[in-house]
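Architecture and fold: a report
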Amino acid sequence: MELREVKQQFFALRNGLLADMLRKQCQLTQKVIFGLNLPQIRDIALRAGEDAELASRLWADVDCRESRLLAPMVRPADAGALAWLGEVLTVEEADVVCHRLLCRCPGALDAARAALADERPLVRYAALRLLLNLLPAAAPAAAEAVATVPFHPLTDAVVRQLRSELADAESL
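In what follows, the accompanying structure is described. (Residues numbered from 1 in each chain as written. Predicted model: local features only at pLDDT ≥ 70, side-chain atom pairs only at ≥ 80, totals over all residues. Heavy atoms only, no water.)

**Points about the side chain of Arg124**
Under the convention used in this document: A helix here means a DSSP run of H or I that spans at least four residues, while a strand means a run of E at least two residues long, and both kinds are numbered starting from the N terminus. Residue burial is assigned from relative accessible area. The probe radius is 1.4 Å, only protein chains are included, and a residue is buried under 20% of its type maximum, exposed over 50%, and partly exposed in between. When charges are counted, Lys and Arg are positive and Asp and Glu negative, with His and the chain ends excluded. By definition here, a salt bridge exists when the distance from a side-chain nitrogen of Lys or Arg to a carboxyl oxygen of Asp or Glu is within 4 Å. Two residues qualify as a contact provided that any one of their heavy atoms is within 4.5 Å of a heavy atom in the partner residue.
Within the fold, Arg124 resides in helix H8 (residues 121–134). Buried charged residue Arg124 carries no salt bridge. Nearest counter-charge: Asp118, at 6.2 Å. Apart from the residues lying within four places of it in its own chain, the contact partners of Arg124 are Ala115, Leu116, Asp118, Glu119, Val149, Pro150, His152 and Thr155.

Following this line, the structure appears as structure tokens:
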């Protein structure tokens, strides 16, 4: 699928009410928000298939929310994808990148550990989300992370979720 076709799909599925809500309530700053939901974006990804070139072009389009969310769904899971962990611009991007792409990449655990030391709260958030997606294999790293990651409002909820998952795993 070509980039032009992807953008046509975005336009055909646009939802102005959701786009306005995302701008106002979620304070998204992208210039272009079509208002697609994740299942719609996933359907486009299934039609497009894995395509590294398309993924790179979509990821480079930092002004379009849907482009940034579709990119990890069409990118092959390779070690090069791990660089995206430090390039996320929103919490939503971090969630999608970790859940749809990075958890399948070789070296993901090491990348998450390294990103935990980043001073940017959003990158630390993404690292914690990746650890959550790597459980139970990442349990030791996750336990260390929840004990040492500095408090920040952005990362607090995912730290609590990791603690809960770890406690549940211990009780089994």
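**A few points about the nonpolar core**
This is how the line gets drawn: Definition of nonpolar core: a set of buried residues of the types Ala, Val, Leu, Ile, Met, Phe, Trp, Tyr and Cys, connected through side-chain atoms within 4.5 Å.
Phe10, Leu58, Leu70, Leu85, Leu102, Leu128 and Leu130 are the most contacted members of the largest nonpolar core, which totals 56 residues. When near neighbours in sequence (up to four residues on either side) are disregarded, Leu85 contacts Cys98, Leu102, Ala111, Ala112, Ala115, Val123, Ala126, Ala127 and Leu130.

**Side note on the packing of aromatic side chains**
The geometry of two aromatic rings is summed up by the distance between their centres and the angle between their planes. To be explicit about the condition: Any two rings among Phe, Tyr and Trp, with Trp reduced to its six-membered ring, count as a pair given centres within 6.5 Å; such a pair is stacked if its planes are under 30 degrees apart, edge-to-face if over 60, and tilted if neither. Each ring is checked for a lysine NZ or an arginine CZ that lies within 6 Å of its centre and within 35 degrees of its normal; such an atom marks a charge sitting over the ring.
In this structure the tally under the stated criterion is two aromatic pairs. Plain terms: the ring middles of Phe10 and Phe34 are 5.6 Å apart, the flat faces sit at 45 degrees to each other, and that makes the pair tilted. Note that Phe10 is positioned in helix H1 (residues 3–12) and Phe34 in the loop between helix H2 (16–24) and helix H3 (38–48), a separation of 24 residues in sequence. Here Phe10 matches Phe34 in class, with each residue buried. With 4.2 Å between their ring centres and 10 degrees between their planes, Trp59 and Trp84 make a pair best called stacked. Here Trp59, found in helix H4 (residues 52–60), pairs with Trp84, found in the loop between helix H5 (65–74) and helix H6 (91–100); they are 25 residues apart in sequence, far enough to count as distant. The side chain of Arg14 reaches across the aromatic face of Phe11, ending 3.8 Å from its centre.

**What about helix H7 (residues 108–116)?**
To be explicit about the condition: Throughout, the arc means the angular range of directions from the helix axis out to the C-beta atoms.
What H7 keeps buried is the set Ala108, Ala111, Ala112, Ala115 and Leu116. For H7, the angular spread of the buried residues around the axis is 140 degrees, confining them to a single face. Exposed and oriented more than 90 degrees from the buried face of H7 are Asp110 and Ala114. Tucked inside the fold, the buried residues of H7 contact H8 and helix H9 (139–148).

**Observations regarding the environment of His152**
For the record, the criterion: For this analysis, a polar contact is any N or O atom pair within 3.5 Å, provided that within protein one partner can donate a hydrogen and the other can accept it, and provided that sequence-adjacent residues contribute only side-chain to side-chain pairs.
One can find His152 in the loop between H9 and helix H10 (153–171). What makes His152 partly exposed here is its relative accessible area of 26%. It is 9.3 Å that separates the C-alpha atoms of His152 and Tyr125, two residues lying 27 residues apart in sequence. Only 3.0 Å separates the side chain of His152 from the backbone nitrogen of Leu154, close enough to count as a polar contact.

**Quick word on H3**
All of the buried residues in H3 are Ile41, Ile44, Ala45 and Ala48. Take H3 and look down its axis: the buried residues cluster within an arc of 100 degrees, on one side only. Each element contacted by the buried residues of H3 is listed here: H1, H4 and H5. Positive backbone phi, at 75 degrees, marks Gly49, one or two positions downstream of H3.

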